[in-house]
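One-letter residues, chain by chain:
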There are 2 protein chains.
Amino acid sequence: MSEQVKRTELNDLGEFALIDHLTRDFPLQNKSSVKGIGDDAAVINNGNFQTVVSTDLLVEGIHFDMAYVPLKHLGYKAVVVNLSDIYAMNAQPKQITVSLALSSRFSVEALEELYAGVRQACDYYKVDLVGGDTTSSLTGLLISVTAIGQGEADKLSYRSGASVGDILCMTGDLGGAYLGLQILEREKQIFLEHPGVQPELKGHDYIIGRQLKPEARYDAIEQFAKAELVPTSMIDISDGLASEVMHICKASGVGAYVEEGHVMIKPEVFQTALDFRLDPITCALSGGEDYELLLTVKPEDIEKVRFMNDIAIIGEIVDAKDGATLHTKGGNIHPLQAQGWKHF
Amino acid sequence: MSEQVKRTELNDLGEFALIDHLTRDFPLQNKSSVKGIGDDAAVINNGNFQTVVSTDLLVEGIHFDMAYVPLKHLGYKAVVVNLSDIYAMNAQPKQITVSLALSSRFSVEALEELYAGVRQACDYYKVDLVGGDTTSSLTGLLISVTAIGQGEADKLSYRSGASVGDILCMTGDLGGAYLGLQILEREKQIFLEHPGVQPELKGHDYIIGRQLKPEARYDAIEQFAKAELVPTSMIDISDGLASEVMHICKASGVGAYVEEGHVMIKPEVFQTALDFRLDPITCALSGGEDYELLLTVKPEDIEKVRFMNDIAIIGEIVDAKDGATLHTKGGNIHPLQAQGWKHF
């Protein structure tokens, strides 16, 4: 009889549970470690102000498909998704490191393209590339970016700061990045079956741009500073609105409702969802990769938010026992469900 | 006639030249960016003191072979190699982030083993795990670690600070990690050919330990602080002594000679090299992965160094025109040659 070794599959846990599980036993030892795992970024105390650190891996075949992602866009996006995490702390990104693992299938010229995109993001967001590592991989391309930012201790926004009665807000609009991916996937399939056919991307510039060249909402952070508004909690919307609302609820020990009719979805995103026979609100709730910000503000700050550009009030923080729910246009109440991703 | 697109292969450039090439066009924009690419770590000014950041990728099949690297050791080593970069700046590591890309071939239990090693390194070196990202890969395991440290502005040691007349020193001993790898590779081959045969690792504990569970020289940094010694330049010996001497020479605009007879090589490392028909000094010069420190001190500090534990004086900084050379035991002078790695 052979000895039984316990084996738990990765997808039995899922991404968030996996990280929680693996890092549950790491107590913080240094006084300067203000915030460890469990927010958009780690926070390190430096006396005068605080250093904010975020890191992400992008893997070919998992997060991007070289068939339709230009390398320059990929370099740009790899930086932006990390900057978005720093802004989501109400902090300013200042430095990045970029590490690559890549196979010999890539040429130096291809990497120059990738770095041209990194450079463009550095210029636009005024961050400095200060380090990195380059190594080979047996297959494909992997990009690891770490962003380092600065913020004032009493102005950082954690996921855990929301209180009952706070107003739930979002920047921009949702669902576009997900539908951009659907269009690119559809055209790739058509191309694979009929190599002569040119891709039909016309009229979808906005949606495809949301997928290939997302931007991080530095402008929202600037508006908050000007209005002397510190969000009580904030998170960037990388995995879909539902998942992010639930993150804030869990970290803050609260519930929340989202008014379906108030979630910002652009008309062309709405129409494209219908063309794909998808429910537009589902694309917004579960689509991901839009890199907008979800935040809560104190009720007395509601007038400040009303006058801000490109920010919508979409719901309210409620008691934990009421859970996280969607109030539909039809007057029904559904529990929010986080899809997140399940890559394993 | 088809259009010619220029294609330069990655191995036409090599690792160091590739990084230099790709990052040559990234001017630093933020005042807080004290040091960007080109040292063991980036340096960020925080007023009171400086934040030091280093990042590394470890790729399965390139940097480690799961056939003989236990996951716990791998987690430990992935942390240590980054801490070594922080110590090489004469700074104290405080936080780390650990990101993983892995295929579904790994179980949750396997990852627990890996994190047990990360945890052990965090405990031993008193650093906090504060972030990371976990994602899937199509093949194998990739670990990306970023270490964040603190140092006083006037006590950091850059690669660029060596002056003619400075004394060249190293901690510990070299060549062990490389020979440890040779032993593990040999036993793997024997096992593949004769699956019944048990590996012959007896008597090689030190050498195999150097490969599987290296340590970073925090104790050397402590000695420097106690002796009020600030190395004029410092680098960790990750790619072999020759490569690191040349990095200091290039960054400082100087030359250097190394006395072959003064380079520390343990008797059992020496003997194992001979058993493999390898030249022991070549293992020290080009072997890599020992994670000792190479440093220079002012001539007037030589007495401080003489009384330190486990530090050897191995040469001197000379004029750039004299280049980087090895003075052999036989009285000959050879130019040092950096092998570094060429993974592509």
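Along each chain, residue indices are assigned from 1 in the same order as the chain's sequence is written. Chains and ligands are labelled by the order in which they are written, letters from A for the one and numbers from 1 for the other. Since the coordinates come from a predicted model, pLDDT governs what is reported: local features require at least 70, and pairs of side-chain atoms require 80 or more to be given and counted, while whole-chain, interface and lining totals use all residues.

Before going further, it helps to spend a moment on the overall build of chain A. Looking only at helices and strands, one finds 10 helices and 14 strands in chain A. Between the two quantities, the radius of gyration covers C-alpha atoms and the globule rule is 2.2 Å times the number of residues to the power 0.38. A compact globule built from 344 residues should have a C-alpha radius of gyration of about 20 Å, and chain A, at 21 Å, falls within 12% of that. The principal-axis extents of the C-alpha atoms in chain A amount to approximately 65 × 55 × 50 Å. Considering chain A as a whole, with its 344 residues, one finds that 52% of them fall into the buried category. Remark: residues whose backbone-derived C-beta atoms lie within 7 Å of one another are considered to be in contact. Across chain A, contacts joining residues at least 24 apart in sequence account for 83% of those joining residues at least 6 apart. We count a stretch as a helix when DSSP gives it H or I for four or more residues in a row; a strand needs E for two or more, and each element gets its number in order from the N terminus. Every C-beta atom is placed from the backbone, and the number of other C-beta atoms within 10 Å of a residue's own sets its class: buried at 20 or more, exposed at 12 or fewer, partly exposed in between.

Residue and element names in this part refer to chain A. Start and end positions for the domains come from either an automated domain assignment or a database one. Taken as a whole, chain A is organised into domain 1 (10-155) and domain 2 (159-335). Here domain 1 and domain 2 have C-alpha centroids that lie 21 Å from each other. Taken together, the 19 residues of domain 1 in the interface contact 21 residues of domain 2. Tallying contributions element by element places helix 2 (residues 71-87) first for the side of domain 1 that touches domain 2, with nine residues. For the side of domain 1 that touches domain 2, the residue count by class is 10 nonpolar, four polar and five charged. Each residue gets one of three labels, nonpolar for Ala, Val, Leu, Ile, Met, Phe, Trp, Tyr, Cys and Pro, charged for Asp, Glu, Lys and Arg, and polar for the others, Gly among them.

All right, on to the packing of helix 2 (residues 71-87) of chain B against helix 3 (residues 108-125) of chain B then. Residues and elements named next belong to chain B. The N-to-C vectors of helix 2 and helix 3 enclose an angle of 40°; their axes lie 6 Å apart at closest approach. Between helix 2 and helix 3, the angle falls in the class oblique. As for the relative orientation of helix 2 and helix 3, their crossing is right-handed in sense. Of the residues in helix 3, those touching helix 2 at Leu71, Lys72, His73, Leu74, Gly75, Tyr76, Val79, Val80 and Leu83 are Ala110, Glu113, Leu114, Tyr115, Ala116, Gly117, Val118, Gln120, Ala121, Cys122 and Tyr125. Every axis corresponds to a line fitted to the C-alpha atoms, with the helix fit spanning only the stretch in contact, and the corresponding angles, defined between N-to-C directions, vary from 0 to 180 degrees. Angular relationships are summarised with four words: roughly parallel below 35 degrees, roughly antiparallel beyond 145, roughly perpendicular across 65 to 115, and oblique for the angles in between. The handedness criterion is simple: a crossing whose near helix is rotated anticlockwise from the far helix by less than a right angle is left-handed, and one whose near helix is rotated clockwise is right-handed.

Right, let's talk about the pairing of strand 7 (residues 141-151) of chain A for a bit. All names here are of chain A. Burial runs high along strand 7: 11 of the 11 residues are buried. On strand 7, burial covers both faces: Leu141, Ile143, Val145, Ala147, Gly149 and Gly151 on one face and Leu142, Ser144, Thr146, Ile148 and Gln150 on the other are all buried. We treat two strands as partners when DSSP finds at least two bridges between them. In this sheet, strand 7 lies alongside strand 3 (residues 50-59) in antiparallel orientation, the contact comprising 10 bridges. The residue of strand 7 that forms the bridge with Asp56 is Val145. Pairing of strand 4 (residues 92-102) with strand 7, which is carried by 10 bridges, proceeds in the antiparallel orientation. Bridge pairing links Ser99 to Ser144 in strand 7.

All right, on to the relation of the copies chain A and chain B then. We superpose the copies by least squares over the C-alpha atoms of residues that have a pLDDT of at least 70 in both of them. Rotating chain A by 180° and moving it 0.0 Å along the rotation axis overlays it on chain B with an RMSD of 0.0 Å. In the structure described here, the two chain copies are related by an operation that fits a two-fold rotation axis. When the interface residues of chain A are mapped onto chain B, 100% of them again lie at the interface, so the same face is used by both copies.

The next point concerns the interface of chain A and chain B. Each side of the interface is counted separately: chain A has 71 residues, and chain B has 71 residues. If you list the elements that add at least two residues to the side of chain A that touches chain B, you get helix 1 (15-22), strand 2 (42-45), strand 3, strand 4, helix 3 (108-125), strand 5 (128-131), strand 6 (134-136) and strand 7 of chain A. Considering only residue class, the side of chain A that touches chain B consists of 27 nonpolar, 31 polar and 13 charged.

Moving on to helix 7 (residues 241-252) of chain B. Residue and element names in this part refer to chain B. End to end, helix 7 covers 16 Å across 12 residues, agreeing with the expected 16 Å (1.5 Å per residue, within 8%). Counting buried positions over the 12 residues of helix 7 gives 10, a clear majority of the element. By the burial criterion, the buried members of helix 7 are Leu241, Ala242, Ser243, Glu244, Val245, Met246, His247, Ile248, Cys249 and Ser252. Following helix 7 by one or two positions, Gly253 has its phi on the positive side, about 65°. Expected span of a helix: the number of residues minus one, times 1.5 Å.

Assignment of secondary structure puts Phe26 of chain A in the loop between helix 1 and strand 1 (33-35). For Phe26 of chain A and Gly36 of chain A, which are 10 residues apart along the polypeptide, the C-alpha to C-alpha distance reads 9.3 Å.

What follows is about the sheet that holds strand 9 (residues 233-237) of chain B. All names here are of chain B. Strand order in the open sheet formed by seven strands is 9-11-8-12-10-13-14, with mixed pairing between adjacent strands. Each having just a single partner strand, strand 9 and strand 14 (333-335) make up the two edges of the open sheet. On average, each strand axis in the sheet is inclined to that of its neighbour by 25°, with strand direction left out of account. In this sheet, strand 11 (residues 292-297) lies alongside strand 9 in antiparallel orientation, the contact comprising five bridges. Looking at strand 11, one finds that Ser233 is bridged to Thr296. Together, strand 9, strand 10 (255-259), strand 11 and strand 13 (324-327) form the strand contacts of helix 7, whose direction differs from that of strand 9 by roughly 155°.

Residues and elements named next belong to chain B. Most of strand 10 sits inside the fold, with four of its five residues counted as buried. Summarising the sheet, strand 10 and strand 13 pair through four bridges and their orientation is parallel. Following the sheet pairing, Ala256 is matched in strand 13 by Ala324.

We now examine the confidence of the model for chain A. When pLDDT is averaged across chain A, the result is 90; 96% of the residues are at 70 or more. pLDDT expresses, on a scale from 0 to 100, how confident the predictor is about each individual residue. Note on residues 340-344 of chain A: pLDDT is under 50 here. Beyond four places in sequence and across chains, it has 16 contacts.

It is worth spelling out helix 3 of chain B at this point. Residues spaced three or four apart along an α-helix face the same direction, because each turn holds 3.6 residues. Residues and elements named next belong to chain B. Taking 1.5 Å per residue, 18 residues should reach 26 Å; helix 3 reaches 25 Å between its end C-alpha atoms and fits that length. Looking only at helix 3, the buried set comprises Leu111, Leu114, Tyr115, Gly117, Val118, Arg119, Ala121, Cys122 and Tyr125. After helix 3 finishes, the residue Lys126 shows a positive phi value of roughly 55°.

Positive phi, normally seen in glycine, also occurs at Lys126 of chain A, with a value near 55°. By the secondary structure assignment, Lys126 of chain A is in the loop between helix 3 and strand 5. Even without being a glycine, Arg277 of chain B presents a positive backbone phi close to 55°. In this fold, Arg277 of chain B is placed in the loop between helix 8 (267-275) and helix 9 (280-286).

Quick look at the environment of Arg277 of chain B now. Of the residues examined, Arg277 of chain B has 6 C-beta atoms within 10 Å and is grouped as exposed. Residues Arg277 of chain B and Leu22 of chain B lie 255 residues apart in sequence; the distance between their C-alpha atoms is 39 Å.

A separate point is the sheet that holds strand 8 (residues 167-171) of chain A. Residues and elements named next belong to chain A. Taken in spatial order, the seven strands of this open sheet run 9-11-8-12-10-13-14, and their pairing is mixed. Each edge of the open sheet is held by one strand with a lone partner, namely strand 9 (233-237) and strand 14 (333-335). Across the sheet, the mean angle from the axis of one strand to that of its neighbour is 25°, orientation sign disregarded. The strands that helix 7 (residues 241-252) touches are strand 9, strand 10 (255-259), strand 11 (292-297) and strand 13 (324-327); relative to strand 9, the one it contacts most, it runs at about 155°.

Moving on, we get to the environment of Ser33 of chain B. The residue Ser33 of chain B is located in strand 1 (residues 33-35) in this model. C-alpha of Ser33 of chain B to C-alpha of Leu168 of chain B: the two residues are 135 residues apart in sequence and 29 Å apart in space. Those residues in contact with Ser33 of chain B that sit more than four places away from it in its chain are Gln95, Asp128 and Val130 of chain A together with Leu28 and Ile44 of chain B.

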